[in-house]
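Given next are the chains, with one letter for each unit.
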Amino acid sequence: MEDQSKKFLHIAVFPWLAFGHISPFFELSKLIAQKGHKISFISTPRNIKRLPQLPPSLQPFIKFVELPLPYIYQLPENAEATMDIPQHIVPYLKKAFDGLQQPLTEFLETSTPDCIIYDFAPYWLPPILSKLGVLSIYFSILSAFGMSYGVDFLVRARESDDKDKIITTVYLEPNESGVSDMFRVKETLFGADFIAIRSCMEIEGKSVESMENQSKKKVIPVGLLPPYLEFSDEKKDENWDTILKWLDKQEKKSVVYIAFGSEVTLSDEEFSEIAKGLELSSFPFLWILKDQDKHDRFVENGSNKNGLIWNNWAPQLRILSHESIGGFLTHCGWSSVIESLQVGCPLIMLPFHNEQGLVARLMEEKMVGVKVERNDEKFSRDSVAKALRLVMVEEGGKGYRSKAEEISKIVGDMELHQKYIDDFVDYVELHIPSSKH
């Protein structure tokens, strides 16, 4: 029976305006809400409308708080997430995001949550939370391996001598938003009461411990937040039916699934080399290609005769779990890697920026995939085809295929990851300021 004396918490959740961030924050919110706690999920109106529908059982526990994004003339109309704009305009999105400081403060003052789980971007938030007596939790959606490199850099930047200052100044140099990303991380991470991270000790134990030692803060893994297959079906419609019909016609483990997330923009040369690499490898493929111009060019050239090019929403986890998928050509975003390994699908890794290279390195160490070789930062059609063949069919890639199956027993273990959520919530309950009890 439920303990009647148990105090249920009010937790505010405030992710950065990118769906690679919003989605894990939303997953975490749902898992906390399942335990009876009240969540205020804060974002902009359009982003909230784009979220999957909540299961009826969670609707009483999660309230959406819409904060309209302030006008910045460099941002196109209705641009409220990184997926809406090219990479070079993202600093202006951060500038608009900083304009949420006042409405967010007003919400916190009037709604008095017990704690707030926030992202790297609101560098101005920790002093506000301290003043209001609200427990502050920095939540990193990155891998612990990637994050530990960032924390190490920031710690060294704090203690740097003149020689190092040249390096650190470059990273802390303000962009069009007024401050650098590293400054944002520094203020939000070191200003938090403790740190939560999307990870688990079974896969990244050393990196979690390293982060804790470097930051001198408690670091709590919340598990990998693997999505439930049944939760990935909210948008089941003719889109999924079309994809499913095509996948059902393919042989078992024969198809390469290709997706580079919402923030990677391929140059014409990169696009061409990947397309030619697919042709050379001769595997059937399903490519999520949201760039309409490149999609049209691909179809016009007849390059899609061996595959399906898709430029609409696609249910990634359902695709990866289909028996015809034999490998995932990925940019190594942490969410994508987790979804692939959740269903035991090996990786063909083509990292582009941010922590993707570090995730690729970690996955190489785990022997669950191979990186596409680059020379002078560039990859070729031959290196794409070579990596695809190795992971998909060659004898030398057998180990990657079996290791991916093996690691799925950890990544897909829902009970294990639920235990991490339970421990995280227990820790939060214990550390709510006494004035809040």
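Residues numbered from 1 in each chain as written. Predicted model: local features only at pLDDT ≥ 70, side-chain atom pairs only at ≥ 80, totals over all residues. Heavy atoms only, no water.

Draft legend 1. Seen up close, the overall build of the protein. Along its length, the protein carries 18 helices and 13 strands. With the C-alpha coordinates aligned to their principal axes, the bounding extent of the protein is approximately 65 × 60 × 45 Å. Counting across all 437 residues of the protein, residues that qualify as buried make up 55%. Looking at the protein alone, contacts between residues at least 24 apart form 68% of all its contacts between residues at least 6 apart. Within the structure as shown, the protein displays about 19,800 Å² of accessible surface, and the carbon and sulfur contribution to it stands at 50%. Of the side-chain charges in the protein, 49 are positive and 63 negative, and the distance between the mean point of each set is 1 Å. (Helix = DSSP H or I, 4+ residues; strand = E, 2+ residues; numbered from the N terminus. Buried < 20%, exposed > 50% of the residue type's maximum accessible area, 1.4 Å probe, protein only. Contact = heavy atoms within 4.5 Å. Areas by Shrake-Rupley, 256 points an atom, 1.4 Å probe, with all protein chains shown as cover. Lys, Arg positive; Asp, Glu negative; His and termini not counted. Charge placed at Lys NZ, Arg CZ, Asp CG, Glu CD.)

Draft legend 2. Here's a closer look at the sheet that holds strand β7 (residues 219-221). Read from one edge to the other, the open sheet built from seven strands follows the order β3-β2-β1-β4-β5-β6-β7, with strand pairing classed as parallel. Only two strands of the sheet have a single neighbouring strand rather than two, namely β3 (62-66) and β7. Put simply, the sheet's adjacent strands are angled 25° from each other on average, direction ignored. In the sheet, strand β1 (residues 10-14) pairs with strand β2 (residues 38-43) via four bridges, with the strands oriented parallel. The residue bridging Ala12 from the neighbouring strand is Ser40, located in β2. The strands that helix α5 (residues 125-132) touches are β1, β4 (115-118) and β5 (135-140); relative to β4, the one it contacts most, it runs at about 170°. (Pairing = 2+ DSSP bridges. Axes fitted to C-alpha atoms, helices over the stretch in contact; angles between N-to-C directions.)

Draft legend 3. View of the packing of helix α11 (residues 268-281) against helix α16 (residues 381-392). Taken N-terminus to C-terminus, the directions of α11 and α16 make an angle of 45°; their axes are 7 Å apart at the nearest point. Judged by the angle between their axes, α11 and α16 are oblique. Considering only the axes of α11 and α16, their crossing is right-handed. Listed contacts from α16 to Glu273, Ile274, Lys276, Gly277, Leu278, Leu280 and Ser281 of α11 are Arg381, Asp382, Val384, Ala385, Leu388 and Arg389. Taken together, the residues of the contact of α11 with α16 sort by class into six nonpolar, two polar and five charged. (Parallel < 35°, antiparallel > 145°, perpendicular 65-115°, else oblique. Left-handed = near helix turned anticlockwise from the far one by under 90°. Nonpolar A, V, L, I, M, F, W, Y, C, P; charged D, E, K, R; others polar.)

Draft legend 4. Layout of unusual backbone geometry. Residues other than glycine seldom take positive phi values, yet Lys216 does so here, at roughly 60°. With respect to the element layout, Lys216 can be found in the loop between α9 (201-215) and β7. The exposure class assigned to Lys216 is exposed, which follows from its relative accessible area of 72%. Phi is positive for Ser282, which is not a glycine, with a value near 65°. Position of Ser282 relative to the elements: it lies in the loop between α11 and β9 (285-288). What makes Ser282 exposed here is its relative accessible area of 52%.

Draft legend 5. How the structure looks around the nonpolar core. Counting 49 residues, the largest nonpolar core has Phe14, Trp16, Leu75, Ile116, Leu125 and Tyr138 as its most contacted members. With six residues, helix α6 (residues 144-158) is the single largest residue contributor to this core. The contact partners of Ile116, leaving out residues within four places of it in the chain, are Ala12, Phe14, Leu108, Leu125, Leu129, Val134, Leu135, Ser136 and Ile137. In terms of nonpolar packing, the next biggest core, distinct from the first, is built from 39 residues, Ala259, Ile325, Cys345 and Leu358 among them. (Core = buried A, V, L, I, M, F, W, Y, C linked by side-chain atoms within 4.5 Å.)

Draft legend 6. Expanded view of the pattern of salt bridges. Under the criterion given, the structure shown has 15 salt bridges. Between Glu187 and Lys186 there is a salt bridge, with its nearest N and O atoms 3.1 Å apart. Classification of Glu187 by relative accessible area gives partly exposed; the value is 28%. When the shortest N-O distance is used, the salt bridge between Asp423 and Lys419 registers 3.0 Å. A residue pair is termed a helical-turn pair when its members lie 3 or 4 positions apart in one helix, as Asp423 and Lys419 do in helix α18 (residues 414-431) at four residues. (Salt bridge = Lys/Arg side-chain N within 4 Å of Asp/Glu carboxyl O.)

Draft legend 7. Layout of helix α15 (residues 356-365). Within α15, the full set of buried residues consists of Gln356, Leu358, Val359, Ala360, Leu362 and Met363. Where α15 is buried, its residues contact α6, α9, α14 (334-342), β12 (347-349) and β13 (369-371). Met367 sits one or two positions beyond α15 and adopts a positive phi of about 65°.

These figures come from the coordinates and say nothing about function on their own.
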